[in-house]
Amino acid sequence: MRVGEELRPLEVPITRTLIVAGALASRDYQDVHHDPEAARAKGSPDVFMNILTTNGLVGRYITDHFGPTAVLRKVAIRLGAPNHPGDTMVLRGTVETVDGDTAVVRVLGENGRGRHVTGTVTVTVPEGERDVRTGGGAG
Amino acid sequence: MDEVAVDDAWAARLKAYEGRPAAVAGVGRDPVNAPMIRHWCEAMGDTNPAYTGPGAIAPPTMLQAWTMGGLGGHTSRARAYEELLALLDEAGCTAVVATDCEQEYVRPLRPGDEVAFDSVIESVSERKTTRLGTGYFVTTRTDVRVDGELAGTHRFRILKYAPAHRKPKERRPRPVINRDNAGFWDGVREHRLLIQRCTACATLRFPWLPGCSTCGAPEWDTVEASGEGTVFSYVVMHHPPFPAFTASDHAADAAGPYAVALVELAEGVRMVSNVVGVPYDKVRIGMPVRLEFRRYDEELVLPVFQGVAA
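Quick caveat, the model's predicted, so the values are computed rather than measured. (Residues numbered from 1 in each chain as written. Chains lettered and ligands numbered in written order. Predicted model: local features only at pLDDT ≥ 70, side-chain atom pairs only at ≥ 80, totals over all residues. Heavy atoms only, no water.)

### Side note on the layout of surface pockets
Rolled over the atoms, a probe as big as a water molecule pinpoints where empty space is left. Here is the rule we go by: With a 1 Å grid laid over protein atoms only, a set of points is called a cavity when a 1.4 Å probe fits there but cannot get out and a pocket when it is open yet has protein on both sides within 12 Å along at least five of seven lines; lining residues have an atom within 4 Å of a point. Grid points are joined across faces, edges and corners, and a volume is the space filled by probe spheres set on the points. For helices the rule is a DSSP run of H or I covering at least 4 residues; for strands it is a run of E covering at least 2, with both sets numbered from the N terminus onward.
Counted as a void, the largest pocket has a volume near 940 Å³. In this structure, the largest pocket is lined by 42 residues; those nearest its centre are Gln30(A), Met68(B), His74(B), Arg77(B) and Phe156(B). Among the secondary structure elements, those contributing two or more residues to the lining of the largest pocket are helix H3 (51-66) of chain A together with strand E1 (21-27), helix H3 (79-90), strand E2 (95-105), strand E3 (115-124), strand E5 (133-146) and strand E6 (149-163) of chain B.

### Notes on the UniProt feature "domain: FAS1-like dehydratase" (unreviewed entry) in chain B
We count it as follows: UniProt positions are given in the numbering used here, feature names are shortened, and annotations may be inferred rather than shown by experiment.
In the numbering adopted here, UniProt assigns the feature "domain: FAS1-like dehydratase" (unreviewed entry) to residues 28-149 of chain B. What you have in residues 28-149 of chain B is 19% helix and 31% strand, and the ends, taken at the C-alpha atoms, are 15 Å apart.

### Focus: the domain arrangement of chain B
The figure often quoted for interface size is the accessible area lost as the parts come together. The line we're drawing: Each domain's limits were defined by an automated method or a database of domain assignments.
When its domains are assigned, chain B resolves into domain 1 (3-163) and domain 2 (182-307). For domain 1 of chain B versus domain 2 of chain B, the distance between C-alpha centres works out to 57 Å.

### Looking at the sheet that holds strand E7 (residues 194-198) of chain B
Residue and element names in this part refer to chain B. Keep this limit in mind: Two strands are counted as paired when DSSP detects at least two bridges linking them.
Within the open sheet, the three strands sit side by side as E8-E7-E9. Their pairing is antiparallel. Two strands lie at the open edges of the sheet, namely strand E8 (204-205) and strand E9 (220-224), each paired on one side alone. In this structure, E7 lies alongside E8, joined through two bridges in antiparallel fashion. Note on E8: the bridge partner recorded for Gln196 is Arg205.

### Concerning unusual backbone geometry
All names here are of chain B. Backbone torsion omega between Phe206 and Pro207 reads 0 degrees, so that peptide bond is classified as cis. One can find Pro207 in the loop between E8 and E9. The omega angle of the peptide bond from His239 to Pro240 is 0 degrees, so this bond is cis rather than trans. Relative to the helices and strands, Pro240 is located in the loop between strand E10 (228-237) and strand E11 (258-265). In the Ramachandran plot, Ala25 falls in the positive-phi region, its phi being about 50 degrees despite a non-glycine side chain. Counting through the fold element by element, Ala25 comes out in strand E1.

### What about the environment of Glu42(B)?
Mapped onto the secondary structure, Glu42(B) falls in helix H2 (residues 34-44). Linking Glu42(B) and Trp208(B), residues 166 residues apart in sequence, is a C-alpha distance of 63 Å.

### Description of the sheet that holds strand E13 (residues 288-297) of chain B
Residue and element names in this part refer to chain B. Which entries qualify depends on this criterion: Where helices are involved, their axes are fitted lines through C-alpha atoms of the stretch in contact, as for all axes, and angles between N-to-C directions lie from 0 to 180°. Any two residues whose heavy atoms approach within 4.5 Å are treated as being in contact.
Here we have five strands rolled up into a closed barrel, ordered E10-E11-E12-E14-E13, and mixed in their pairing. Ignoring which end each strand starts from, the neighbouring axes of this sheet average 50 degrees apart. Sheet topology places strand E12 (residues 270-276) next to strand E14 (residues 300-307); two bridges connect them, and they run parallel. Following the sheet pairing, Val275 is matched in E14 by Phe305. Taken strand by strand, helix H4 (residues 182-189) contacts E13 and E14, and its axis lies near 75 degrees from that of E14.

Written out as structure tokens, the structure is:
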């Protein structure tokens, strides 16, 4: 872990299935995440990904990179452009600060509409266990 | 009360909810469990081995999922929070979207953990206008505990808003069809561009007219255009903006400039149409174009010309 280290980008195809599966796995039954008609009535062109799924994808992106011993301490995200079916979101990350075995990674997820998610993740990767990591499989 | 006083009273009424509870003595619908963890990991495509097998932990980002009411609804929601949401509903802010999520994880959650939570309304924003509509940001903070011990905190911001009224898509003007030009529009319906030909002197004419401008004869038949042509002349319309003429070539509802071309067909006649597939500022005299029929709405198909790359 070093300041400025860039994580390999993760390309996430935004399918209707991912949006609905993510909403249900997070127990979010808001109609805008599974019912296109209801989404349109509320001013959106189609269903869109819920924030809990985005949060889960950001967490996965970080642990994919730092491996199974990585411990998530904090995930803070802000949503911008929605993720609609047919979009492709590319997650990117840069290590912003390192304090001992803990790093803050700045994360950006963009799709064709703009910035879907911006935020930071604080992650601890225990010393000595870093060599045995099996992560880095993002892609 | 005047309008300002009414606004102030409303703002104060919303502000009064800050610090009041959003959920009291909430209990997770299910204990932390392996099946829900698996469903989550499958949805996210998360193959982290830390989330499976003996000693598994739940993905930390699931924190909020354990507190969700699901289809059964939120049984622990505090009256203050219900009131605030109802108040915003009454103000027309019936739609909701989450904008921020900030989670801190104090200890991992494991299958079998029984989750308890309390939530407080941290802030209610002033009225904000966003792309989605006008509304209020409401921020709550939830403390999640297991056996009385803090496992994580979860700060969540939603926008309660009145959906912006979407203008119906602007439509192109309808063609005026009469007995002199009906044959032309019959051809368009069949995706054929028909040119009139005088049966007396064989002169081609376009647009369609009742008689031949060369010999005056009223009799005619038609020749189908091959579809090849070149830009004979063009203008670029900048003002006034007219979304119906540009929306199909630009982002939704964009009303930018567009090119109107006088196209000389291979058969020699000229017609006014649009050049598509080429940015308006790249259209040039002499540019080769090819006929294409485009559907603009459920009842309107028009012949337009696709610019052909040099």
